[in-house]
Amino acid sequence: MVLMIRALLWEVLYKNRLGLTIGLIIVPLVWLLLETYLEKAIGDFLPIGKVSFAIMLLSVLFLYTTFSYVDTNSKEKANEGFPTHILRLPLPTWVLSVVPILLGTVVVASFILMWINVFSDFELSWLMQFTICSVAGAFISWSQAINWGLNTPMIQKVVLLLSVIAGLVFSVLAIFDIDESSSAYSKLYGSLGLILLLLSGYFFCFITLLRTRRSDNFQFRLELSFLNRLRLFPNNTKLANFSNGLSAQYWYEWKSLAYVIPLTIGLISIVEIVASMFGAERKIILMGVMMMTTVFLMSAHFMACNKLGSEKFNILPHCATRPLSDFDLAISKLNMLALGVVIAYLFFISVPVLSIYIIGLPETTASSNAIENISLAKMISTLILALIVFLAIFWAASANGCAILLRDSKLMFILNITGFMGLGVLFLGSIIYFKGQPGDFETVLKASPAYQLVSENPHLLSLIVTGAILLLIAFLLPPFRRIASLSQLRTYGLICATGLVISLVLVWSLELPTKASAFASYSLVNLFLLCFLPFLVAPISVAKNRHR
Amino acid sequence: MQSADNLIINIQGLSREFDKHKALDNIDLQVESGQVIGIVGENGAGKTTLIKHLLGLYRAEQGSVSVFGLDPVNNPAEVLGKIGYLSEQPDLPGWMTIAQYMNYMSAFYTGWDDSYASNLIKATSLDINKKIKSLSKGQQARVGLCAAQAHKPELLLLDEPSSGLDPLVRKEILSAAIRTVVDDGRSVVFSSHFLDEVERICDHLVMFSKGKIVLSAPMSEVLEHHKILIIGSDEFKRVGNSNIEKLPGLLRVKEKRGEYLVSLNISDDLLLSATDSLSLKIIDKRLMTLDEIFVCYCPEQQAVNGE
Amino acid sequence: MHLTISQRDGVPLYLQIINQIKQLINSGRLTVDQELLPIRVLAEELLINPNTVARAYRELEAEGWVYKKRGSGTFVSDQKNTLSDELCKRQIKERIEVLLTEAHHMNISTDEVIELILNSPRHKQED
């Protein structure tokens, strides 16, 4: 039996050797870097302790996923369930369940202890260290248990996980005795609660595995009929009426992928609005905005992969054999992406509007001084311009990403990731910059990293113009004309041109200095060209992906 | 050659390489309407690659592919609209219910017959409000088969549809193929490892090995022309190995317990004149089964059997 | 008219159909002028290619077991009237070819075979 347990341990460790190595090495490495070099370089504007803590969290996350010990048992269910081949090993069930969790807990706990005692400057009591380790252990065991429980609906997993987290939080609060009003027993109760959670996690793992091994259907389905009534989930009984194949494909793209974008953004914005109702700080709202932005950027991935949760962009035979032209296949994706982005955008802008309605306008700051100097008409046109430009940016980012990802090549994938990283850095940089910048809009804009990058390298923008013109010319040539004729592209071109004209008029109405105005106009031209580019790129990508 | 209008599939000189490995090597194949073509070959022989070319999922690197007289890469909408397709792994969208799936599929095909489709689904006795991902492999294949034939396609492409399925579902697949040809001369391309099924339903056999077509002939001719002659070892030595090897249509010679088994692909008349000219005495002569023919043409299999 | 197909004994499918129909006719389960199942129906029922059925019907017709009516179907014929002289001779010829080949393999000359035939009890009975 010892031999078999050793083999089991070997499998767990060997299967995840990469993640394990990265997780374990990252902290000492960063620590070494910080000690020797980086402290001088970044110590001025970044708190070293926080960086170190963030790195630690990152590696714990790494280690956690390393030991999460779920396996892909079938093609349909990615990352679900206990690896079935292990269930066939001649070992008692409790060993099968305890070995991986215990291993994970021990590694993660000793890692945290190592970090606290060796690498960080924190001085923590043993009780505190014990608490942190047992929280980690309980979390690991419970999340394993939930992961291993097959066939349980997603919503139920979330509910279970949330209640466990709530239990953990209460226990920890009791131990640390935050309000210092409760008796000495609270530490005891808290510790007991933690241990209870830890043990129940193990027990639940064991039960789950036992049921799986005996192939009982382990289901205690909650009847969440009220959720169905809310129509959050696709209604199964009513069949749509399709006028043709293209409309059916629209339905397919929407129901299989695109609905996720507005759903996610909608859920985040509801949380945001509720948070603002309870008087949350502006920080939280800003974080929500960043999350939403991330979702927008991620939506390219959503739409380009062919199944939710899949990482692959190769077009599935089922999709590829639809009797539709390449252009129609691409356009059904793009149109549904557009629908998703627009609906999500409405949610997105509803958050600040509603929170301002609820909390009221922020108190006078440096930036609002600048606002007072501008006339109402200018304010409105700035607002409308901002709305249009943000939508255009979101669309351009997600649609261009989607269009090149549809090509399913490694190069395009790397290009896409780099592009998004760049965008993210620009965005973050801009936000950080704007936050600390007093003064009027123009000086802030001019000083922002995004502006500087573009104005110092105008050829970056010229690249887009040249690319777009070249692509447009390409569509006049026979091999491309086969993919999409210009008449098919006309509608989309007209929409983008209308957006461009409106925003140009708005920019000119702002009466900015000539140079700034010209620069803004040029940027807008480029932005709307970027909005149109996906309609040229996506059909080519689909054609390449479909006919290999 | 046949007039081009009559040809459902016309493949000429098709070659395809994956990482310098020849998946298809100078393939020529013509299919007339009303034919059932059986494609057999060892794993990785190029059957699926060929079928993917017919669907336009692969671009012809060398040579040409035309289906219904059109290039499936350039005219996917026209070509795919007349094809019914079922593969070994029917990758149906799991999140749809059966009813939604059939409704979705019906939108694409002009020839979709709603009452026929609902009859086909009823025959499977599956609950149409069930999600596809909750179905077993066989049940998914049944749903896929219903969708593949409900629009009465002019060409039914079955890419190893029977693999891993129970005999009942396999029978359903066969009867779908038969129904397709029986109804006003539509065509079927059927690739399979089940040689008895291929023998049953196909009227033309195409055998692949390592990306090449090693045999392409009407099924009846294949079965009648492939023979094994048994020759005594004295007689074999008298005639001489070199003379035996000159026999027309010789596939292989194998010694077994003092007798020689000579496999040939030859018509009766030619065989008679050849044996007469050598005045070859034959102990026994019998027709080869499709399994034996398959083993003869696929060299890897032969090596394993020979040991 | 119930036929079954077996793929175990290596008999070609069309021959199996021919043999079984002959048997049905001989045993009287198919009577003169009774219609055979249409090709499509039989093909769907047996799950075999319709051309195979068509071939079996064609050969049965050539041998005189059945006849075709234009626009309707295939019917069992009255063999005594329809089995032509020529056809009978052709069938006998085929048998003789087989016989002679076999004799040849056993080193028996054609003359010897003829002698054996003349000496056979059946031949003497006819005389």
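Reading the values: rules and limits
Residues numbered from 1 in each chain as written. Chains lettered and ligands numbered in written order. Predicted model: local features only at pLDDT ≥ 70, side-chain atom pairs only at ≥ 80, totals over all residues. Heavy atoms only, no water. Helix = DSSP H or I, 4+ residues; strand = E, 2+ residues; numbered from the N terminus. Buried < 20%, exposed > 50% of the residue type's maximum accessible area, 1.4 Å probe, protein only. Contact = heavy atoms within 4.5 Å. Areas by Shrake-Rupley, 256 points an atom, 1.4 Å probe, with all protein chains shown as cover. Phe/Tyr/Trp six-rings, centres within 6.5 Å; stacked < 30°, edge-to-face > 60°. Lys NZ or Arg CZ within 6 Å of the ring centre and 35° of its normal. Pairing = 2+ DSSP bridges. Axes fitted to C-alpha atoms, helices over the stretch in contact; angles between N-to-C directions. Salt bridge = Lys/Arg side-chain N within 4 Å of Asp/Glu carboxyl O. Polar contact = N/O pair within 3.5 Å; in protein donor to acceptor, adjacent residues only side chain to side chain. Nonpolar A, V, L, I, M, F, W, Y, C, P; charged D, E, K, R; others polar. Buried area = accessible area lost by both parts, 1.4 Å probe. Expected span 1.5 Å × (residues − 1). Patch = residues over 30% accessible without salt bridge, like charges linked within 9 Å, V, L, I, M, F, W, Y side chains within 5 Å. Parallel < 35°, antiparallel > 145°, perpendicular 65-115°, else oblique. Left-handed = near helix turned anticlockwise from the far one by under 90°. pLDDT = per-residue confidence, 0-100.

Engineer: Explain the overall build of chain C here, please?
Structural biologist: Scanning chain C for helices and strands turns up 7 helices and 2 strands. The secondary structure elements of chain C, listed N-terminal to C-terminal, are α-α-α-β-β-α-α-α-α. For chain C, the proportion of its 127 residues judged to be buried stands at 32%. Considering only contacts within chain C whose residues lie at least 6 apart along the sequence, 45% involve residues at least 24 apart.

Engineer: Would you mind going over the overall build of chain A with me for this structure?
Structural biologist: When its secondary structure is counted, chain A shows 23 helices and 0 strands. Looking at the 548 residues of chain A, the share that counts as buried comes to 41%. Residue pairs in contact within chain A that sit at least 24 positions apart in sequence constitute 77% of those at least 6 positions apart. Of the roughly 30,100 Å² that chain A leaves accessible, carbon and sulfur atoms contribute 72%.

Engineer: Just checking my understanding: could you explain the packing of aromatic side chains for this structure?
Structural biologist: Aromatic ring pairs are defined here through the distance separating the ring centres and the angle between the ring planes. In this structure the tally under the stated criterion is 17 aromatic pairs over all chains. Aromatic pair Tyr492 of chain A and Phe535 of chain A: ring centres 4.3 Å apart, planes at 20°, arrangement stacked. Remark: Phe535 of chain A occurs in helix α23 (residues 514–546) and Tyr492 of chain A occurs in helix α22 (residues 486–509); sequence separation between them is 43 residues. The exposure class of Tyr492 of chain A is buried, given its relative accessible area of 15%. The ring of Phe75 of chain C carries Lys69 of chain C above its face, with NZ or CZ at 4.7 Å from the centroid.

Engineer: Just checking my understanding: could you explain the sheet that holds strand β1 (residues 7–18) of chain B for this structure?
Structural biologist: Backbone hydrogen bonds hold the strands of a sheet together, and the pairing may be parallel or antiparallel. All names here are of chain B. Across the sheet, 3 strands lie side by side as β2-β1-β4; this open sheet has antiparallel pairing. Because the sheet does not close on itself, it has two edges, and the strands there are β2 (21–32) and β4 (62–67). Taking each pair of neighbouring strands and ignoring which way they run, the sheet shows an average axis angle of 20°. Each of β1, β2 and β4 is contacted by helix α1 (residues 47–54), which is oriented at about 125° to β1, the strand it contacts most.

Engineer: Sorry if this is basic, but what is going on with the interface of chain B and chain C here?
Structural biologist: Often, the extent of an interface is quoted as the loss of accessible area upon association of its parts. With 20 residues of chain B at the interface, the matching set in chain C holds 17 residues. In this assembly, chain B and chain C are joined by 1 salt bridge. With a shortest N-O distance of 2.5 Å, Glu224 of chain B and Arg55 of chain C are connected by a salt bridge. Between the two partners, chain B and chain C, sit 8 residue pairs in polar contact (both at pLDDT 80 or more). Going through the elements one at a time, α6 (167–182), α7 (195–201) and α8 (219–225) of chain B are the ones with two or more residues in the side of chain B that touches chain C. The biggest single contributor to the side of chain B that touches chain C is α6 of chain B, with 7 residues. The class makeup of the residues in the side of chain B that touches chain C is 9 nonpolar, 2 polar and 9 charged.

Engineer: How should the environment of Leu476 of chain A be read in this particular structure?
Structural biologist: Residues and elements named next belong to chain A. You can see Leu476 is positioned in the loop between α20 (458–474) and α21 (478–483). Residue class for Leu476 comes out partly exposed when judged on its relative accessible area of 45%. Spatially, the C-alpha atom of Leu476 lies 7.7 Å from that of Leu486, the residues being 10 residues apart in sequence. Residues within four places of Leu476 in sequence aside, it is in contact with Arg481 and Leu486.

Engineer: Quick question: what am I supposed to make of the interface of chain B and chain A here?
Structural biologist: Contacts between the two partners involve 34 residues from chain B, matched on the other side by 30 residues from chain A. Taken together, the two surfaces of chain B and chain A that pack against each other cover about 2,800 Å², and 60% of this comes from carbon and sulfur. When the buried area of chain B at its contact with chain A is split by residue, Trp95, Tyr104 and Phe108 of chain B rank highest and sum to 22% of it. Linking chain B to chain A there are 0 salt bridges. The interface formed by chain B and chain A contains 8 residue pairs in polar contact (both at pLDDT 80 or more). Elements supplying a minimum of two residues to the side of chain B that touches chain A: α2 (76–80) and α3 (98–106) of chain B. With 6 residues, α3 of chain B is the largest single contributor of residues to the side of chain B that touches chain A. Here the residues of the side of chain B that touches chain A are counted per class, giving 20 nonpolar, 9 polar and 5 charged.

Engineer: Quick question: what am I supposed to make of the pattern of salt bridges here?
Structural biologist: For side chains of opposite charge, pairing can occur when their charged atoms come near one another. All names here are of chain A. Tallied over the full model, the rule gives 16 salt bridges over all chains. With a shortest N-O distance of 2.7 Å, Arg546 and Asp326 are connected by a salt bridge. With Arg546 in helix α23 and Asp326 in helix α14 (residues 326–359), the pair connects residues that are 220 residues apart, well separated along the chain. Its relative accessible area of 5% is what places Asp326 among the buried residues.

Engineer: Please explain α6 of chain B as it appears in this structure.
Structural biologist: All names here are of chain B. Over its 16 residues, α6 runs 22 Å from end to end, which matches the ideal 22 Å to within 8%, given 1.5 Å per residue. Capping the start of α6, Asp166 holds a side-chain oxygen 2.8 Å from the backbone nitrogen of Leu168, two or three residues further along. Within two residues after α6, Asp184 carries a phi angle of roughly 25°, on the positive side.

Engineer: Would you explain unusual backbone geometry in this entry?
Structural biologist: Negative phi values dominate among residues other than glycine, just as trans dominates among peptide bonds. All names here are of chain B. One non-glycine residue, Asn26, lies in positive phi territory at about 55°. Along the chain, the position of Asn26 falls in strand β2. Non-glycine residue Ser125 carries a positive phi angle of around 50°. Position of Ser125 relative to the elements: it lies in the loop between α4 (114–124) and α5 (137–149).

Engineer: Teacher, can you tell me more about helix α3 (residues 50–62) of chain C here?
Structural biologist: Each α-helix turn comprises 3.6 residues. Residues three or four places apart therefore point the same way. Residue and element names in this part refer to chain C. Look at α3: 18 Å from first C-alpha to last across 13 residues, which is about the 18 Å you get at 1.5 Å a residue. Of the residues making up α3, those classed as buried are Pro50, Thr52, Val53, Ala54, Arg55, Ala56, Tyr57 and Leu60. Between a side-chain oxygen at the N-terminus of α3 and the backbone nitrogen of Asn51 the separation is 2.8 Å; the capping residue is Asn49. In the stretch just after α3, Gly64 is the one whose phi turns positive, near 90°.

Engineer: Can you walk me through a nonpolar patch on the surface in this structure?
Structural biologist: Residue and element names in this part refer to chain A. The grouping of Leu263, Leu267, Ile270, Val274, Met277, Phe278, Leu354, Tyr357 and Ile358 at the surface amounts to a nonpolar patch, some 940 Å² of accessible area in total. Contributing elements (two or more residues each) for the nonpolar patch: α11 (260–277) and α14. Here the nonpolar patch gets 5 residues from one element, more than from any other, and that element is α11. Structurally, the position occupied by Ile270 is in helix α11.

Engineer: Looking at this model, I keep getting lost on the sheet that holds strand β10 (residues 226–232) of chain B. Mind explaining?
Structural biologist: All names here are of chain B. Strands sit in the order β11-β12-β10-β13 across an open sheet of 4 strands; the sheet is antiparallel. In this open sheet, the two edge strands, each paired with only one partner strand, are β11 (250–256) and β13 (284–287). In this sheet, neighbouring strand axes are inclined to one another by 20° on average, regardless of whether the strands run parallel or antiparallel. The sheet strands contacting helix α11 (residues 268–278) are β10, β12 (259–265) and β13, and the helix crosses β10 at an angle near 20°. Across the sheet, helix α12 (residues 290–297) touches β10, β11, β12 and β13, and the angle it forms with β11 is around 100°.

Engineer: Looking at this structure, I do not really get the pairing of β2 of chain B. What am I missing?
Structural biologist: In regular strands, side chains alternate between the two faces of the sheet. Residues and elements named next belong to chain B. In terms of strand pairing, β1 meets β2 through 8 bridges, oriented antiparallel. Across the sheet, the residue bridging to Ile11 is Leu29, located in β2. Connecting β1 to the next strand, β2, in antiparallel fashion are 2 residues, including Asp19 with a positive phi near 50°.

Engineer: I'm lost on the packing of α4 of chain B against α5 of chain B in this one. Help?
Structural biologist: When two helices pack together, their arrangement is given by the angle between their axes and by how far apart the axes lie. All names here are of chain B. In the contact formed by α4 and α5, the axes pass within 9 Å of each other and the chain directions differ by 165°. Classed by the angle they form, the pair α4 and α5 counts as roughly antiparallel. Relative to α5, the crossing made by α4 is right-handed. Contacts between α4 and α5 involve Tyr116, Leu120, Ile121 and Thr124 on the former and, on the latter, Arg142, Cys146 and Gln149. Looking at side-chain class alone, the contact of α4 with α5 contains 4 nonpolar, 2 polar and 1 charged residues.

Engineer: I keep staring at the confidence of the model for chain A and nothing clicks. Help me out?
Structural biologist: Low-pLDDT stretches of the model should not have their predicted coordinates read in fine detail. Averaged over every residue, the pLDDT of chain A is 74; residues scoring 70 or more account for 74%. Below pLDDT 50 for its whole length, residues 217–225 of chain A participates in 15 contacts with residues either more than four positions away or in separate chains.

Engineer: In this structure, what is going on with the side chain of Thr124 of chain B? I would like to understand it.
Structural biologist: Position of Thr124 of chain B among the secondary structure elements: in helix α4. Aside from chain neighbours lying at most four places away, what touches Thr124 of chain B is Arg142 and Cys146 of chain B.

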